[in-house]
Amino acid sequence: MLNMTALALAKAIRAKKLSVTEAVAEYIKQIEQTNPHLNTFLTVSKDTALARAQTIQAQIAAGEITSPLAGVPIALKDNISTLGIRTTCAAKMLENYVPVYNATVVDRLEQAGMIVIGKLNMDEFAMGGSSETGAYGTVRNPWDTERVAGGSSGGSAAAVAAGEVPLALGSDTGGSIRQPCAFCGVTGIKPTYGAVSRYGLVAYASSLDQVGSIGRTIDDCAAVLSLIAGPDDNDSTCVISKTFTFDTPLLERLAGFRIGLPRNYFAGGINADVAQAVLAAAKELAAAGAQVEEFDMPLMDYMVPAYYIIACAEASSNLSRYDGLKYGYRSPAAETLAEVYRLSRSEGFGLEVKRRIMLGSFVLSSGYYDAYYKKALQTRTLIKQAYDRLFERFDMILSPVAPTTAYKLGENVDDPLKMYMGDIYTVSVNLAGLPAVALPCGFDRQNLPIGFQLIGAAFSESKLVSAARTYQHRTSFHLQQPGGAWV
Amino acid sequence: MEIDAQLIAYLEELSCLILSEREKQRLTDDLREILNSMARLEELNTTGVPERSHPFDNVNAFREDVVQPSLSREHILQNAPAHNSEFFIAPKTVE
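Residue numbering note: each chain is counted from 1, following its sequence as written. Working convention: letters from A go to chains and numbers from 1 go to ligands, in the order in which they are written. The predicted origin of the model limits local features to residues at a pLDDT of at least 70 and limits the giving and counting of side-chain atom pairs to 80 or more, whereas totals for whole chains, interfaces and linings rest on all residues. Just so you know, side-chain values use all the structure's heavy atoms and leave hydrogens and water out.

**Focus on helix H7 (residues 218-228) of chain A**
All names here are of chain A. Most of H7 is tucked away, with nine of its eleven residues classed as buried. Relative accessibility under 20% of the residue-type maximum defines a buried residue, over 50% an exposed one, and the middle range a partly exposed one, all with a 1.4 Å probe and only protein chains included. Helix and strand labels come from DSSP, where a helix needs a run of H or I of at least four residues and a strand needs a run of E of at least two; each type is numbered from the N terminus. Along H7, the residues that are buried comprise Ile218, Asp220, Cys221, Ala222, Ala223, Val224, Leu225, Leu227 and Ile228. One or two steps after H7, the chain reaches Gly230, where phi turns positive at roughly 125°.

In structure tokens form, the structure reads like this:
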């Protein structure tokens, strides 16, 4: 059962080949066996999930729930608010925080009969690319437990790869869904900004954050996206007026699909195995009938600086809410109000979070604002304009997700700049608010997964999913599963 | 970009943080390196380019301004580190 896709699992439940309770119990058993080795889950909501399984089973039997994923377990990155279930953001600051409301995406999954079975480890407040900055230990990569799972949604990607859960939600601010998917050999969708409500997603950088899905196959990820997307009265930036459907049949041929291949993404610091596998994916899509054409991606050197200036500026503002008064950690040593603020924040935040708050404070401070923050916002305009022009020529852009495969635990954690440069292929997508899918496309010589991404124009998710579906129909990289002592 | 102790102290103040000596040293080095790398944006000619703080131009999806139930006081106080069932409790600020 743990090898089934989520859609197949739901089908088996509808056909009464297995019960929702059996499905939930089997996944929880797997989590209990493997989580001690991988550290993917921060909370397993065993009792509520098993209780809910019975309710959902009855509702499916009564024909009250007909969604294509009814009865399927799902786990959520721990920055997505869950009513009554601890939501920590992998931060000491929120160690005991129990939300009093659900994120909109959680309500929508539950209305569709999905069962939340737990909350997943991540980088603290989603700030990191390796799931090593959290307060509750490092997520380990199921393909090699001495390596990182990527981040910041490392727990989400690793849990799906390890068969602990068929589906997960993550969030992507600068690559945080796509990069861990690439490192763990699973599939993910980063939706267009505004396609999915951010209500209840703990804010990191509000003009960049977006919730998305992670699964084994593009069909599973698309099925989740069609459940969670759509306008929300609680999020004024959730702009799309129609929901997504991905029910177009499998395209055997990608005739008429114009795919751009950024030539300069394959020079310089990229690992040779990664470059080769991603170029092979482009060839595969060309063999399926797509027109693949090379071009030079403009502004490549300015993407990471612009992204980190904007993300840190927004983070420093968003994280000012942690004051030791309304919720979250409060320093026992604080005696004055100023000490409540400053000691609670100093003791409650980890080093990477402090680094980004300090950077954000710097770029927003008087005297530096124009040279850094304003300049970054102007660069963002140029990047968006560049994408607008590219999407006049192409339906989508095919690129690597990360310059390397999963690296060793601890290898980059003390070198923040090196870590930030690892986001070179992903951050511009968030600056321009675009959708992208990440798909497995091979393995390096150490048998570590490699991923590529397809980036589309705003709200072109259905076209990306079509191309991804054709790719996965023609290849089997997404069906490979890790093994190791933890299995 | 020169990052000195005075600037770090100013940023601590703005960030509402108190850093340990070790963190100060660490972040001084990190900020210097990161900001030097970010400074490459100077090369770009952005004269007359508008600033973009949001991915799209049609930012707000408005809803009708109708009164709806909100969270109860009990719920709002539930996660507070200190409260008296009516209010958040903070140290005295007025002598």
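Once the structure has been displayed, the description carries forward.
**So, the nonpolar core**
Among soluble globular proteins, nonpolar side chains are generally buried collectively. Residue and element names in this part refer to chain A. Buried Ala, Val, Leu, Ile, Met, Phe, Trp, Tyr and Cys residues that are joined via side-chain atoms within 4.5 Å together make up what is termed a nonpolar core. If you look at the biggest cluster of nonpolar residues, it comprises 186 residues, and the most contacted ones within it are Phe125, Leu169, Tyr387, Phe452 and Leu454. Examining the composition of this core, we find that 13 residues originate from one element, helix H9 (residues 300-318), more than from any other. Note on definitions: a residue-residue contact is assigned when non-hydrogen atoms from the two residues lie within 4.5 Å. Filtering out sequence-adjacent residues up to four positions away, Phe452 remains in contact with Val278, Ala281, Leu285, Leu398, Ser399, Val401, Val437, Ala438, Leu439, Pro440, Cys441 and Tyr471.

**Notes on a nonpolar patch on the surface**
All names here are of chain B. Each patch is built from salt-bridge-free residues with over 30% relative accessible area, joining like charges within 9 Å and nonpolar side chains (Val, Leu, Ile, Met, Phe, Trp, Tyr) within 5 Å. Areas reported as accessible are Shrake-Rupley estimates using a 1.4 Å probe. Residue values count occlusion only from the protein chains shown. Salt bridge criterion: a side-chain nitrogen from Lys or Arg within 4 Å of a carboxyl oxygen from Asp or Glu. Where nonpolar side chains cluster on the molecular surface, the patch consists of Leu71, Ile76 and Phe88 and spans about 240 Å² of accessible area. Structurally, Phe88 is set in the segment after helix H3 (73-77). Residue Phe88 is classed as partly exposed on the basis of its relative accessible area, which comes to 32%.

**Here we look at the interface of chain A and chain B**
Of the residues lining the interface, 67 residues belong to chain A; the matching set on chain B comes to 56 residues. Using a 1.4 Å probe, buried area is obtained as the accessible area two parts lose upon being combined, added over both of them. When chain A packs against chain B, close to 5,800 Å² is buried across both sides, 66% of that on carbon and sulfur atoms. The largest contributions to the chain A side of the interface with chain B come from A:Val100, A:Arg342 and A:Met358, which together make up 13% of the buried area. Here chain A and chain B share four salt bridges between them. With its nearest N and O atoms 3.6 Å apart, the salt bridge here joins B:Arg26 to A:Asp414. In protein, a polar contact requires one atom able to donate a hydrogen and another able to accept it; more generally it is a pair of N or O atoms within 3.5 Å, and residues adjacent in sequence count only if both atoms are side-chain atoms. Joining chain A to chain B, the criterion identifies 24 residue pairs in polar contact (both at pLDDT 80 or more). Those elements that place two or more of their residues in the side of chain A that touches chain B are H9, helix H10 (337-348), helix H11 (351-364), helix H12 (370-393) and helix H13 (416-421) of chain A. If you tally residues by element for the side of chain A that touches chain B, the top one is H12(A), at eleven residues.

**A closer look at unusual backbone geometry**
Residues and elements named next belong to chain A. Residue Ser152 follows Gly151 across a cis peptide bond; omega there is 10°. When you line up the elements, Ser152 lands in the loop between strand E5 (144-148) and helix H5 (154-161). Phi is positive for Ala90, which is not a glycine, with a value near 55°. Among the secondary structure elements, Ala90 is positioned in the loop between strand E2 (73-77) and helix H4 (104-111).

**Considering the packing of H9(A) against H11(A)**
All names here are of chain A. Each axis is a line fitted through C-alpha atoms, taken for helices only over the stretch in contact, and angles between the N-to-C directions span 0 to 180 degrees. Where H9 meets H11, the axes come as close as 7 Å, and the angle between the chain directions of the two elements is 100°. Our classification of the angle between H9 and H11 gives roughly perpendicular. Contacts from Tyr308, Ile309, Cys312, Ala313 and Ser316 of H9 reach H11 at Arg356, Ile357, Leu359, Gly360, Ser361, Val363 and Leu364. The residue makeup of the contact of H9 with H11, split by class, is eight nonpolar, three polar and one charged. Orientation labels follow simple angle bins: below 35 degrees gives roughly parallel, above 145 gives roughly antiparallel, 65 to 115 gives roughly perpendicular, and whatever is left gives oblique. Under the convention adopted here, Pro, Cys and the residues Ala, Val, Leu, Ile, Met, Phe, Trp and Tyr are nonpolar, Asp, Glu, Lys and Arg are charged, and Gly plus all remaining residues are polar.

**Remarks on the environment of A:Ser344**
All names here are of chain A. Mapping Ser344 onto the fold places it in helix H10. Between the alpha carbons of Ser344 and Gly324 there is a distance of 5.6 Å; along the sequence they are 20 residues apart. In this structure, Ser344 is in contact with Met93, Gly324, Tyr329, Arg330, Ser331 and Glu339, ignoring residues within four places of it in sequence. Within the structure, the side chain of Ser344 is placed 2.9 Å from the backbone nitrogen of Ser331, a separation counted as a polar contact. Among the polar contacts listed, one links the side chain of Ser344 to the backbone oxygen of Val340, at a separation of 2.5 Å.

**As for the packing of H4(A) against H7(A)**
Residue and element names in this part refer to chain A. It is the contact of H4 with H7, at a shortest axis distance of 8 Å, that shows an interaxial angle of 110°. Comparing their axes, H7 and H4 come out roughly perpendicular. Across the interface between the two elements, Val105, Arg108 and Leu109 from H4 touch Val224, Leu227 and Ile228 from H7. Looking at the contact of H4 with H7, its residues break down into five nonpolar, no polar and one charged.

**Looking at helix H2 (residues 20-38) of chain A**
Residues and elements named next belong to chain A. The span you would expect from a helix comes to 1.5 Å times its residue count less one. In a regular helix each residue adds 1.5 Å, so 19 residues correspond to 27 Å; H2 covers 25 Å between its end C-alpha atoms and thus fits that length. Bending is quantified residue by residue as the angle between axes fitted to the seven-residue window ending at that residue and the seven-residue window starting at it. Helix geometry: H2 is bent most strongly at Glu32, by close to 35°, with proline Pro36 lying one to four residues after it. Note on H2: the residue one or two positions beyond its end, Asn39, has a positive phi of about 60°.

**Some words on empty space enclosed by the protein**
Residue and element names in this part refer to chain A. Cavities and pockets are found on a 1 Å grid laid over the protein atoms alone: a cavity is a set of points where a 1.4 Å probe fits but cannot escape, a pocket is an open set with protein on both sides within 12 Å along at least five of seven lines, and a lining residue has an atom within 4 Å of such a point. Grid points are joined across faces, edges and corners, and a volume is the space filled by probe spheres set on the points. All told, the structure shown has four cavities of 30 Å³ or more when counted by the stated rule. Considered as a void within the structure, the largest cavity measures approximately 100 Å³ in volume. Lining the largest cavity are 14 residues, with Gly128, Ser176, Tyr307, Tyr308 and Asp423 positioned closest to its centre. When the residues that make up the lining of the largest cavity are grouped by side-chain class, the tally is four nonpolar, eight polar and two charged.

**Observations concerning the environment of A:Met1**
All names here are of chain A. Looking at where Met1 falls in the secondary structure, it is placed in the segment before helix H1 (6-14). The sequence separation of Met1 and Asp370 amounts to 369 residues, and the corresponding C-alpha distance is 56 Å. What Met1 contacts, discounting residues up to four positions off in sequence, is Leu9, Leu18, Glu22, Ala23, Glu26 and Tyr27.

**Re the side chain of A:Thr379**
Residues and elements named next belong to chain A. Following the sequence through the fold, Thr379 ends up in helix H12. Taking relative accessible area as the criterion, Thr379 reaches 0% and is therefore assigned buried. Within the structure, Thr379 has its side chain in polar contact with the backbone oxygen of Lys375 (distance 2.7 Å).

**What to know about the layout of surface pockets**
One water molecule sets the probe size; rolling that probe over the atoms shows where empty space is left. Residues and elements named next belong to chain A. Its boundaries defined by the atoms lining it, the largest pocket holds a volume of some 520 Å³. Grouping the amino acids of the lining of the largest pocket by side-chain chemistry returns 13 nonpolar, six polar and four charged. Size it by volume and the second largest pocket reaches roughly 330 Å³. For the lining of the second largest pocket, the leading source of residues is H13, giving three residues. Classifying every residue of the lining of the second largest pocket gives eleven nonpolar, seven polar and three charged.

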